[in-house]
Amino acid sequence: MSDKSEPISAEEAALLGELRVKIDDIDQQIGDLICARANCAVEVAHVKKRFSNITEPKFYRPEREAQVLRNAMARNKGPLSNEEFARLFREIMSACLALEAPVKVAYLGPEGTYTQQAALKHFGHSAQAVSLPAIDEVFREVASGAAHYGVVPVENSTEGVVTHTLDNFLGSSVKICGEVVLRIHHHLLVSDVTHVQNISRIYSHAQSLAQCRKWLDAHYPRAERIAVSSNAEAARRIKGEWNSAAIAGAMAADLYGLTSHAQNIEDQPDNSTRFLIIGAESVGASGEDKTSIVVSMKNEPGALHNLLEPFHQHGIDLTRVETRPSPTGAWNYVFFIDFAGHASEPVAKKVLEEVGRRASDLKILGSYPKGVL
Ligand SMILES: O=C(O)C(=O)C[C@]1(C(=O)O)C=C[C@@H](O)C=C1
């Protein structure tokens with residue numbers, strides 16, 4: 001990049017000057033409003049403490065956050081996109097929540113992974129995000145109270161369900177208190193010592209290699225594909241290897257000082273991953289919610305049909321049904337079911353009662369706001 005700046009004409013300087021005066025004035029107003037909002041958040045914290053009968057009141061309120069973000073989007077007059085607009089409010093609210101009480105969020109690491117990106121997207125940058133090496137550890141950290149919340153991947157649009165996450169719910173008391181969907185963009189990353197004409201090894205997580213298979217076949221058919229434990233680990237590995245590249249996301253590139261040699265190389269343009277937010281408490285209704293349950297059934301003909309019938313009868317929208325082998329014995333199954341609505345709503349209550357009568361076991365994993373961002 002050249003450091004010579006272009007000379008600007010007197011007319012341009014005058015026009016920019018006028019606009020910058022306007023921007024300064026608007027910033028002053030935004031600044032005053034942000035301070036007023038932050039003061040409200042401090043007062044909210046006092047009220048919560050005064051009326052709480054438990055030692056640590058619930059400062060984080062996912063249902064309220066979802067409403068604030070939805071309201072912001074509804075009020076957006078452009079030209080910023082709804083997503084950009086809500087992201088700004090996301091960060092303001094994150095800073096306000098940190099004033100009320102610092103929130104510790106454990107996520108499946110290492111640093112630089114898509115799960116970290118999802119944690120930041122959901123909680124904003126004022127949350128204290130802590131990386132843990134395994135999904136089980138994120139569940140344990142939340143169950144023990146060492147972290148307030150956890151973020152784990154649950155399904156990818158190309159690769160399907162993350163069975164390890166579902167299985168963890170069977171033996172844990174943690175609740176689902178939110179979801180966040182992240183568009184996954186993979187990039188081919190290189191370091192400053194990479195000979196880009198001679199790339200003979202490409203590192204990434206097995207799922208990411210699979211999600212870029214066609215692109216790799218077309219562009220690097222002869223390069224060896226090496227699966228490692230995470231995309232961030234792939235990015236870390238290539239430092240100092242002149243013949244290697246990594247497939248990972250923008251966060252890993254930033255973290256390890258790599259550059260993107262090819263961008264958005266995923267085969268499916270709408271490749272996305274859904275993450276769950278787990279916590280210790282249940283969440284109130286936000287007006288647009290989902291409920292996740294896990295149900296055990298005896299292995300007999302028609303079991304699944306029998307189980308799903310009440311949803312159909314009451315016109316409840318099923319958003320996902322996943323079958324997993326039951327830990328209690330061979331050839332028995334458990335079903336993970338997501339449906340639209342909050343467990344406290346009358347129709348959902350009826351359906352849950354009905355399902356409970358038909359199942360040998362029913363556990364409500366949580367009702368939570370539909371992902372907003
Ligand atoms: O409304 C509340 O309960 C607040 O604590 C305020 C606020 C906000 O900044 O709007 C902050 C944190 C909560 O998670 C939800 C909303």
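Quantities reported herein were computed from a predicted structural model and do not represent experimental measurements.

## Side note on the domain arrangement of the protein
Item 1. According to the domain assignment, the protein consists of domain 1 (17-100), domain 2 (102-184 + 273-281), domain 3 (187-270) and domain 4 (282-373).
Item 2. A C-alpha centroid distance of 24 Å is found between domain 1 and domain 2.
Item 3. Counting from both sides, the interface comprises 11 residues of domain 1 and, opposite them, 14 residues of domain 2.
Item 4. Carbon and sulfur atoms supply 50% of the area buried between domain 1 and domain 2, which totals about 1,000 Å² over both sides.
Item 5. The largest contributions to the domain 1 side of the interface with domain 2 come from Y60, R90 and E91, which together make up 45% of the buried area.
Item 6. At the surface where domain 1 touches domain 2, the tally comes to 1 salt bridge.
Item 7. Note that E83 and K121 form a salt bridge whose closest N and O atoms lie 3.9 Å from each other.
Item 8. At the boundary of domain 1 and domain 2, one finds 5 residue pairs in polar contact (both at pLDDT 80 or more).
Item 9. In terms of residue count, helix α3 (residues 82-100) provides more of the side of domain 1 that touches domain 2 than any other element does, 7 residues in total.
Item 10. Here the side of domain 1 that touches domain 2 is composed, by residue class, of 5 nonpolar, 1 polar and 5 charged.

## Description of the sheet that holds strand β6 (residues 187-190)
Item 1. Reading across from one edge, β8-β7-β9-β6-β10 is the order of the 5 strands in this open sheet, with mixed pairing throughout. The open sheet is flanked by β8 (224-228) and β10 (259-262), the only strands paired with a single partner. The sheet shows a mean angle of 35 degrees between the axes of neighbouring strands, direction not considered.
Item 2. Bridge count for β6 against strand β9 (residues 244-248) is 3 bridges, and the pairing is antiparallel. Directly across from H187, in β9, lies its bridge partner A248.

## Focus: a nonpolar patch on the surface
Item 1. A contiguous nonpolar patch, built from I26, I30 and I34 and spanning about 240 Å² of accessible area, is present on the exposed surface.
Item 2. Position of I30 among the secondary structure elements: in helix α1 (residues 10-51).

## Some words on the packing of helix α11 (residues 303-313) against helix α12 (residues 346-358)
For any two helices packed against each other, the geometry comes down to the angle between their axes and how far apart the axes lie.
Item 1. The geometry of α11 relative to α12 is characterised by a closest axis approach of 9 Å and an angle of 165 degrees between their N-to-C directions. In terms of orientation, α11 lies roughly antiparallel with respect to α12. When the axes of α11 and α12 are compared, the crossing they make is right-handed. Of the residues in α12, those in contact with N306, L307, E309, P310, F311 and Q313 of α11 are V351, E354, V355 and R358.

## Section: the site of the ligand
Item 1. In the vicinity of the ligand, the contacting residues are R37, V44, K48, F59, Y60, R61, R64, E65, M93, C96, L97 and E100.
Item 2. For the ligand, an oxygen atom lies 2.9 Å from a polar atom in the backbone of R61.
Item 3. In the model, an oxygen atom of the ligand is placed 2.6 Å from a nitrogen or oxygen of the E65 side chain.
Item 4. Here the ligand loses 89% of its free accessible area of 360 Å² to cover by the protein chains.
Item 5. Counting residues per element, the ones that place at least two in the shell around the ligand are α1, α2 (62-75) and α3.
Item 6. Taken together, the residues of the shell around the ligand sort by class into 6 nonpolar, no polar and 6 charged.

## A short note on the sheet that holds strand β14 (residues 333-340)
Item 1. Across the sheet, which stays open at both edges, the 4 strands sit in the order β13-β14-β12-β15 with antiparallel pairing between neighbours. Bordering the open sheet on either side are β13 (318-325) and β15 (361-369), each of which pairs with just one other strand. Averaged over all pairs of adjacent strands, the angle between strand axes in this sheet comes to 15 degrees, irrespective of strand direction.
Item 2. Pairing of β13 with β14 involves 7 bridges; the strand directions are antiparallel. Paired with T323 across the two strands is F335, which belongs to β14.
Item 3. The strands that α11 touches are β12 (289-297), β13 and β14; relative to β14, the one it contacts most, it runs at about 20 degrees.
Item 4. On top of the sheet, α12 reaches β12, β14 and β15; it is set at about 155 degrees to β15, its chief contact.

## What to know about the layout of surface pockets
The rolling of a water-molecule-sized probe over the atoms marks out the regions of remaining empty space.
Item 1. Put simply, the largest pocket is a space of about 790 Å³.
Item 2. Around the largest pocket sit 25 residues that line it, and R37, V68, F89, I92 and M93 are the ones nearest its centre.
Item 3. When residues of the lining of the largest pocket are traced back to their parent elements, those giving at least two are α1, α2 and α3.

## Considering the UniProt feature "domain: Chorismate mutase" (unreviewed entry) in the protein
Item 1. The sites that UniProt annotates as "domain: Chorismate mutase" (unreviewed entry) are residues 10-104.
Item 2. The span residues 10-104 is 79% helix and 1% strand, and its two end C-alpha atoms sit 52 Å from each other.

## A word on unusual backbone geometry
Item 1. The omega angle of the peptide bond from G78 to P79 is 5 degrees, so this bond is cis rather than trans.
Item 2. Take P79: it is sitting in the loop between α2 and α3.
Item 3. For the bond running from G109 to P110, omega is 0 degrees, close enough to zero to count as cis.
Item 4. For N264, which is not glycine, the phi dihedral falls at a positive 50 degrees.
Item 5. Position of N264 relative to the elements: it lies in the loop between β10 and β11 (272-279).
Item 6. Given the relative accessible area of 44%, N264 is considered partly exposed.

Rules behind the numbers
- Residues numbered from 1 in each chain as written.
- Predicted model: local features only at pLDDT ≥ 70, side-chain atom pairs only at ≥ 80, totals over all residues.
- Heavy atoms only, no water.
- Domains from an automatic or database assignment.
- Contact = heavy atoms within 4.5 Å.
- Buried area = accessible area lost by both parts, 1.4 Å probe.
- Salt bridge = Lys/Arg side-chain N within 4 Å of Asp/Glu carboxyl O.
- Polar contact = N/O pair within 3.5 Å; in protein donor to acceptor, adjacent residues only side chain to side chain.
- Helix = DSSP H or I, 4+ residues; strand = E, 2+ residues; numbered from the N terminus.
- Nonpolar A, V, L, I, M, F, W, Y, C, P; charged D, E, K, R; others polar.
- Pairing = 2+ DSSP bridges.
- Axes fitted to C-alpha atoms, helices over the stretch in contact; angles between N-to-C directions.
- Patch = residues over 30% accessible without salt bridge, like charges linked within 9 Å, V, L, I, M, F, W, Y side chains within 5 Å.
- Areas by Shrake-Rupley, 256 points an atom, 1.4 Å probe, with all protein chains shown as cover.
- Parallel < 35°, antiparallel > 145°, perpendicular 65-115°, else oblique.
- Left-handed = near helix turned anticlockwise from the far one by under 90°.
- Near = heavy atom within 4 Å.
- 1 Å grid on protein atoms, 1.4 Å probe; cavity = no way out; pocket = protein on both sides within 12 Å on 5 of 7 lines; lining within 4 Å.
- Points joined across faces, edges and corners; volume = space filled by probe spheres on them.
- UniProt positions renumbered as here; feature names shortened; annotations may be inferred.
- Buried < 20%, exposed > 50% of the residue type's maximum accessible area, 1.4 Å probe, protein only.

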